[in-house]
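Residue-level listing of the chains:
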Amino acid sequence: ISGLPDTPPLYEIHVNSPRMEGCHLRAGTIARGGIRFSDRPDDYRTEILDLMKTQTVKNAIIVPTGAKGGFIVKSRRGASADANEGVTAYRTLINAMLDLTDNLTPSGITHPPLVKVMDTDGPYLVVAADKGTATFSDLANKIAIEREFWLGDAFASGGEHGYDHKRLGITARGAWESARRHLREMERDPDRGAPVTMVGIGDMSGDVFGNGLLQSRNLKLIAAFDHRNIFIDPDPDLATSFAERKRLFEMPRSSWADYDRKILSAGGGVFRRGQKRIELSKQARTALGIDADAMDGESLIAAILRAPVDLLYNGGIGTYVRASKESDAEVGDHANDACRITANELRAKVVVEGGNLGLTQNARIEYALAGGRINTDAIDNSAGVDMSDHEVNLKILLEPALTRNAMSIDERNAILAACGDEIAAQVIADNHDQALSLSLEQIRSRSRLSIFRDHAQAIEARGLTHQGEALLPSREALHERHARYPGLTRPELAIVTAYTKIDLAKRLANSPLAGDPYLAARFLKPYFPSDLSKRFSSDVEQHRLRRELIATGAVNELVDLAGSTFIERLVRDHGADGDSALRAWIVGSGVLAANDCAQELKSATRGVSANAEFGSFLALERACRGAASWALARIDQIAPITTIVAQYRLGLEKLYSEFEPMLAADERDRFERIYRDLRRDIGDGELAHRLARITFAEHLLEVLNVSFANQIEPKRVAEIYFRLSDAIGFAWLQDALEAADSDDRWERRATVEMGAELRAVRIRLCRTTLEIGLPSTAEAIEQLKSRHEREFAEINRLFSDLKTLSAPNLPALQVAIRAVSKLAGTG
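Fair warning: this is a prediction, and the values are worked out from it, not measured in the lab. Along each chain, numbering runs from 1 in the same order as the chain's sequence is written. Per-residue local features are limited, in this predicted model, to residues with pLDDT of at least 70; the limit for side-chain atom pairs, both in listing and counting, is 80 or more; totals at the level of whole chains, interfaces and linings are taken over all residues. Water and hydrogen atoms were dropped before computing side-chain values, which therefore reflect all heavy atoms in the structure.

Chemist: Looking at this model, I keep getting lost on the overall build of the protein. Mind explaining?
Modeler: Helix and strand assignments follow DSSP, with helices taken as H or I runs no shorter than four residues and strands as E runs no shorter than two, numbered in order from the N terminus. The helix and strand inventory of the protein stands at 35 helices and 17 strands. Values of the radius of gyration come from C-alpha atoms, whereas the globule rule sets the reference at 2.2 Å times the count of residues to the power 0.38. Computed over the C-alpha atoms, the radius of gyration of the protein is 30 Å, within 12% of the 28 Å expected from 2.2 N^0.38 for a compact globule of 827 residues. Projected onto its principal axes, the C-alpha coordinates of the protein cover approximately 100 × 70 × 50 Å. Any residue under 20% of the maximum accessible area for its type is buried, any over 50% is exposed, and the rest in between are partly exposed; the area is computed with a 1.4 Å probe on protein chains only. The burial tally for the protein puts 59% of its 827 residues in the buried class. In the protein, of all internal contacts separated by at least 6 residues, the share reaching a separation of at least 24 is 71%. Of the roughly 34000 Å² of accessible surface on the protein, a fraction of 50% belongs to carbon and sulfur atoms. Residue contacts are defined here by distance: any two heavy atoms, one from each residue, within 4.5 Å place the two residues in contact. Computed by Shrake-Rupley with a 1.4 Å probe, the accessible areas treat only the displayed protein chains as cover when residues are assessed.

Structure (structure tokens):
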């Protein structure tokens, strides 16, 4: 439809009756999201659309893409809707959605009666609880079961036999992974040392806020507010205030009005949000950093949002911060117009968004550019959707066993309950990985800004973003701000990362790669609890979302470890297609056992500085890049991945213990430098040693290629391969090439091409030296030198000249590499 300000969702259902109106918006055929009881009758679709777009980004880490539904109850002579009318409206919406949705039966896909189907089959429809519908999941599941919808009680997550998010505290625990990441990079520990001062949006009865304020005993909550009350405690006692927060959390339907006033610090109080005048004590004014001795409720909320604290924690509903160049009308949340502030007024050092849309995206970017630490709501509160997705997929996994009477429904429910803690740990690990990934991406963006911009444009060109929506600012805008803020902000990177995952997962799910048995073993089986993967192994392999689960798992591991531009760089640097680049990553990281190493690094770097942690993970990423480049250049695209990974991993493990004594001159210096840096950063000498060896894996894989192709003992090939570096200076050339690397697209491509030529020359000379046939490596290399005395003399002369330069440029390095190529050609 031309002229619309935004691209609509893929599917949109509207339901209208004399008593209610509702809509359900889906970004794809496999989509999930909550159903909201909206209090915005005039623009509820705008609210739902904005939330659906946020949900789409949030769902990048799970199989379904974003969806959101909502409904209103039409007013009757000015009376407000009661709970029963909300339930009736919800029933109407759910039944109407199922009226238009395909079903999956033992005989195959069935279409709904009286519906003309003009698109492809679409039986996947999953909903969830949301604002105003937190207790409605069982109602939706009852409707689905009565209508024999194939998902049964997997239709609405979080019901009687699902995971209780508030009891598990899963969303808040995930949000606190973001908080811990920010504080760690400030050299702060939220659990010990100086207390973390904070203000908050929400109250202790709420899931996200209540659980969030119980994640540490070292928090000084000086102020908070919800839709009813304003709470101020200028200098709380840590132990006493924690105990009181816990009491309120455990009290049904508590509010700040239930807080024990006797334990408030001097100058504290609890006030109604609607008060026209609230007297403020000297202590409260000092804590909030304000001068006014009295304010109305909305102005006091704005003052709380501006407070000079360590952390602003959003566990509520509403948009409270906009960019300075945005208007309240553009925000759309008119209920909070009176208390909303602009991003440049924020004085908190860290913002964590446990709730949705607490800040506009432009506000997040403006705050980050000014030095604030923030991700996005889609990063901070993604644990809830992650947990719900595990629940749905577990129920889908166990449905065939129920159908064939291999288990009872009570046994299934017991299995689901027993898996809760293991799945929650897996979900929290996802949040940890995402927060760490954004920190690594910030470092990469400082030296690779142009490829992030090119990558974002490629995603936009593929039609994944909404019409007219740019993932990143223009090149000119990025260049203009470079002097005051190098690289990209975390909110920008969060969006790029999410769309990268959406893009790659879609491509991989539709690729023949997703059917490879190796990927099922590596990414599908670990998704489910280990006991269930063994007990129901055949059902795991036949899971209805098998390909999507594989693709999502593979892409999450890839992007979290190696970054959002990893595949884009492989494609651009090597002239490969996307499928080949993805396959190269899978092979290369599998041969290196990169995920196992990453898990060890996470444990080993818990007590070290953030910068030391980054150094170790970036070293692993470089090793993965080298291994993927090797796989692109050397591995047959149709060879079974399982066979390749097993063969080369075994060969690598053997060479790891043998190659170090073979290193000489610059190559030995390089290895020892890498090891020393890692040893200093990690603290674990054994792990540092292992990671240093992995950084040489690309060389060892080249050695194994020659060994396997010529049926020569790998150790013999390795001796010649590494001793040639002493004779010719391959390691020095490689270091010089890496130092000459540039963010310029063409210079980068030239560097890659020259590096590939250098590796090919080294392999050819290795083969030539092996063909000489002398048992002694030193004698064989001397024989090579005597045969090509003139060429070696020219190479030595060029190297002597190059080493007088402070930083050899690409033309100079190209001359040297071509001279070595001539030597290999004469061989």
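Don't stop here, the text continues.
Chemist: Looking at this model, I keep getting lost on the side chain of glutamate 391. Mind explaining?
Modeler: In this fold, glutamate 391 is placed in helix α13 (residues 383–403). Given the relative accessible area of 1%, glutamate 391 is considered buried. Distance and chemistry together define a polar contact, namely a pair of N or O atoms within 3.5 Å, with one atom able to donate a hydrogen and the other to accept it when in protein, and with adjacent residues in sequence counting only for side-chain atoms on both sides. One polar contact links the side chain of glutamate 391 to the main-chain amide nitrogen of glycine 158, over a distance of 3.1 Å. Among all residues touching glutamate 391, those that are not within four sequence positions of it are Ala156, Ser157, Gly158, Gly159, Gly162 and Tyr163.

Chemist: It is not clear to me how the pairing of strand β4 (residues 65–73) should be interpreted in this structure. Could you clarify?
Modeler: Each regular strand carries side chains that alternate between the two faces of the sheet. A large share of β4 lies buried, amounting to 9 of its 9 residues. At least two DSSP bridges between two strands are required for those strands to pair. Sheet topology places strand β2 (residues 20–26) next to β4; 7 bridges connect them, and they run antiparallel. If you follow glutamate 21 over to β4, its bridge partner there is isoleucine 72. One ladder, built from 5 bridges, connects strand β3 (residues 31–37) with β4; its direction is parallel. Bridged to arginine 32 within β4 is glycine 66. The crossover handedness rule: strands pointing away from the viewer, path from first strand over the helix to second strand clockwise, crossover right-handed. For the crossover that starts at β3, traverses helix α1 (residues 44–58) and ends in the parallel β4, the hand is right-handed.

Chemist: Looking at this model, I keep getting lost on the environment of aspartate 333. Mind explaining?
Modeler: As for its placement among the helices and strands, aspartate 333 is situated in the loop between α10 (328–331) and β16 (341–342). The spacing of aspartate 333 and leucine 357 is 24 residues in sequence and 9.8 Å in space, taken between C-alpha atoms. Leave out the neighbours within four places in its chain, and aspartate 333 touches Arg40, Gly318, Thr319 and Arg340. Among the polar contacts listed, one links the side chain of aspartate 333 to the side chain of asparagine 336, at a separation of 2.7 Å.

Chemist: Explain the sheet that holds β4 here, please?
Modeler: Remark on secondary structure: sheet strands pair via backbone hydrogen bonds, oriented parallel or antiparallel. Overall, mixed pairing links the 5 strands, which are arranged β1-β2-β4-β3-β7 in an open sheet. Looking at strand neighbours, the two that pair on one side only are β1 (11–16) and β7 (126–128), the edges of this open sheet. Averaged over all neighbouring strand pairs, the angle between strand axes comes to 20°, with direction disregarded. Sheet topology note: the β3/β7 ladder contains 3 bridges and is parallel. Counterpart to arginine 32 in the pairing with β7 is valine 126. Running over the sheet, α1 touches β1, β2, β3 and β4 and is turned about 160° from β4. An axis is simply a line fitted to the C-alpha atoms; with a helix, the fit covers only the stretch in contact. Between two such axes, the angle follows the N-to-C directions and lies from 0 to 180 degrees.

Chemist: I'm lost on the nonpolar core in this one. Help?
Modeler: As a rule of thumb, soluble globular proteins bury nonpolar side chains together. The biggest cluster of nonpolar side chains holds 173 residues, and the ones touching the most others in it are Phe155, Leu592, Leu620 and Leu765. No other element matches helix α25 (residues 610–634), which puts 13 residues into this core. Nonpolar cores are built from buried Ala, Val, Leu, Ile, Met, Phe, Trp, Tyr and Cys residues. Side-chain atoms within 4.5 Å join them into one set. Ile304, Val309, Leu312 and Ala343 belong to the second-largest nonpolar core, a separate cluster that totals 37 residues.

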